Amino acid sequence: MKFTTFVTLLIVGSANSFAPGAKSNLNTALKAESIKGVTTRIEFLHQSVAAVAASLTLLPGQANAAKYGGFGAGSPEVIDPKDAIIDEEILKSSSVQKGIAAVRGYKQSVADMKATLSADTQADIGPKIRKDFDFSVVRSDLNAINEALDEDTQRGTDRIVRAILQDITELEIAQKQKPGVPRSETRLKNVCGKLDKLEKAFGDYLAFAD
């Protein structure tokens with residue numbers, strides 16, 4: 001009895017598939033499923049982008065929450081400078097010492113810009129940023145110091161190098177003012193905050209060589 005019922009249903013199903021309009025209904029169903037699939041993929045991409053954006057938004061906060069120097073919170077790659085393994089011979093080399101002197105100069109340059117804004121809140125520090133912080137030169141000087149560090153330490157200091165370069169970019173963007181438009185207290189606070197962050201970053205990096 002059960003077998004007869006199954007065969008009957010199978011025959012009816014097959015007949016319906018060849019009935020007028022069945023092909024149209026099938027195509028409609030397939031299109032609907034396709035659209036649903038596309039929608040699902042689009043939603044997935046949107047969700048992925050949102051997740052990445054959220055994670056990037058959290059990075060500054062995580063960096064500021066580090067145990068030392070504003071770097072490495074939640075990251076096993078960035079170690080405490082006192083635990084860094086340093087090749088003393090390479091550290092004494094002229095190239096590394098030149099890099100250390102340069103980074104100290106960058107840190108002083110940031111301090112000078114802070115003093116300039118303290119004296120004149122409307123001062124244009126853009127030219128000094130571009131003059132003192134040439135990307136290729138800054139990266140080269142930072143990497144010179146890296147040469148004296150072991151590979152495990154370098155994985156962390158590489159992150160700091162990228163953060164410093166990003167800080168410089170953000171500083172230059174933040175300090176820009178439209179001609180004839182005075183810098184507001186909010187914008188001034190933002191610029192000073194980025195200067196503080198950059199000064200600290202240079203100090204943190206130097207801690208690996210001191």
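Residues numbered from 1 in each chain as written. Predicted model: local features only at pLDDT ≥ 70, side-chain atom pairs only at ≥ 80, totals over all residues. Heavy atoms only, no water.

Visitor: Can you walk me through the confidence of the model for the protein in this structure?
Guide: Low pLDDT means the predicted atomic positions in that stretch should not be read closely. Residue-level pLDDT values for the protein average 75, and 63% of them are 70 or greater. Looking at the elements of the protein, mean pLDDT is at its lowest for helix α2 (residues 22-64), recorded as 42, and at its highest for helix α4 (residues 94-119), recorded as 97. Below a pLDDT of 50 lies the segment residues 1-75, which in the model reaches 26 contacts outside its immediate sequence neighbourhood of four places, other chains included. (pLDDT = per-residue confidence, 0-100. Helix = DSSP H or I, 4+ residues; strand = E, 2+ residues; numbered from the N terminus. Contact = heavy atoms within 4.5 Å.)

Visitor: Whenever I open this one, the pattern of salt bridges confuses me. Can you help?
Guide: Oppositely charged side chains can pair when the atoms bearing their charge come close. Applying the stated rule across the entire model yields 9 salt bridges. Between Arg130 and Glu172 there is a salt bridge whose closest N-O contact spans 3.2 Å. Of this pair, Arg130 sits in helix α5 (residues 126-132) while Glu172 sits in helix α7 (residues 151-175), and the two are 42 residues apart along the sequence. The partly exposed category is assigned to Arg130, whose relative accessible area is 45%. (Salt bridge = Lys/Arg side-chain N within 4 Å of Asp/Glu carboxyl O. Buried < 20%, exposed > 50% of the residue type's maximum accessible area, 1.4 Å probe, protein only.)

Visitor: Please clarify how the environment of Ala101 should be interpreted in this entry.
Guide: Tracing the sequence through the fold places Ala101 in helix α4. Considered as a pair, Ala101 and Asp141 are 40 residues apart in the sequence and their alpha carbons are 8.9 Å apart.

Visitor: Sorry if this is basic, but what is going on with the environment of Asp141 here?
Guide: Tracing the backbone through its elements, the reader meets Asp141 in helix α6 (residues 135-146). Expressed as a C-alpha distance, the spacing of Asp141 and Gln97, which sit 44 residues apart in the sequence, is 9.6 Å. Not counting chain neighbours up to four residues away, the residues in contact with Asp141 comprise Gly99, Ala102 and Tyr106.

Visitor: What exactly am I supposed to notice about the side chain of Asn146 here?
Guide: For Asn146, the position within the fold is in helix α6. Residue Asn146 is classed as buried on the basis of its relative accessible area, which comes to 4%.

Visitor: Would you mind showing me how to read α4 here?
Guide: Because each turn of an α-helix spans 3.6 residues, side chains separated by three or four positions end up pointing in the same direction. Compared with an ideal rise of 1.5 Å per residue, which puts 26 residues at 38 Å, α4 spans 37 Å between its outermost C-alpha atoms and is within 8% of the ideal. Turning to α4, its buried residues are Val96, Gly99, Ile100, Ala102, Val103, Tyr106, Ser109, Val110, Met113 and Leu117. (Expected span 1.5 Å × (residues − 1).)

Visitor: What should I look at first to understand the nonpolar core in this one?
Guide: Taken as a class, soluble globular proteins show a tendency for nonpolar side chains to be buried jointly. Core analysis: the biggest nonpolar cluster contains 36 residues, and Phe133, Ile164, Leu195, Leu198 and Phe202 have the highest contact counts within it. Residue assignment for this core shows that the elements contributing at least two residues are α4, α6, α7 and α8 (185-206). Residues in contact with Ile164, not counting those within four places in the same chain, are Leu142, Leu198, Ala201, Phe202 and Tyr205. (Core = buried A, V, L, I, M, F, W, Y, C linked by side-chain atoms within 4.5 Å.)

Visitor: Sorry, what's going on with α7 here?
Guide: When the terminal C-alpha atoms of α7 are compared, their 36 Å separation across 25 residues agrees well with the 36 Å that a helix rising 1.5 Å per residue should span. What α7 keeps buried is the set Thr153, Gly156, Thr157, Ile160, Val161, Ile164, Leu165, Asp167, Ile168, Leu171, Ala174 and Gln175. If you follow the buried residues of α7, they end up packed against α5, α6 and α8.

Visitor: What's the story with the environment of Asp150 in this structure? I'm lost.
Guide: Structurally, Asp150 is set in the loop between α6 and α7. Taking C-alpha positions, Asp150 is 5.7 Å from Ile85, a pair spaced 65 residues apart along the chain. At 2.4 Å, the side chain of Asp150 and the side chain of Thr153 are in polar contact. (Polar contact = N/O pair within 3.5 Å; in protein donor to acceptor, adjacent residues only side chain to side chain.)

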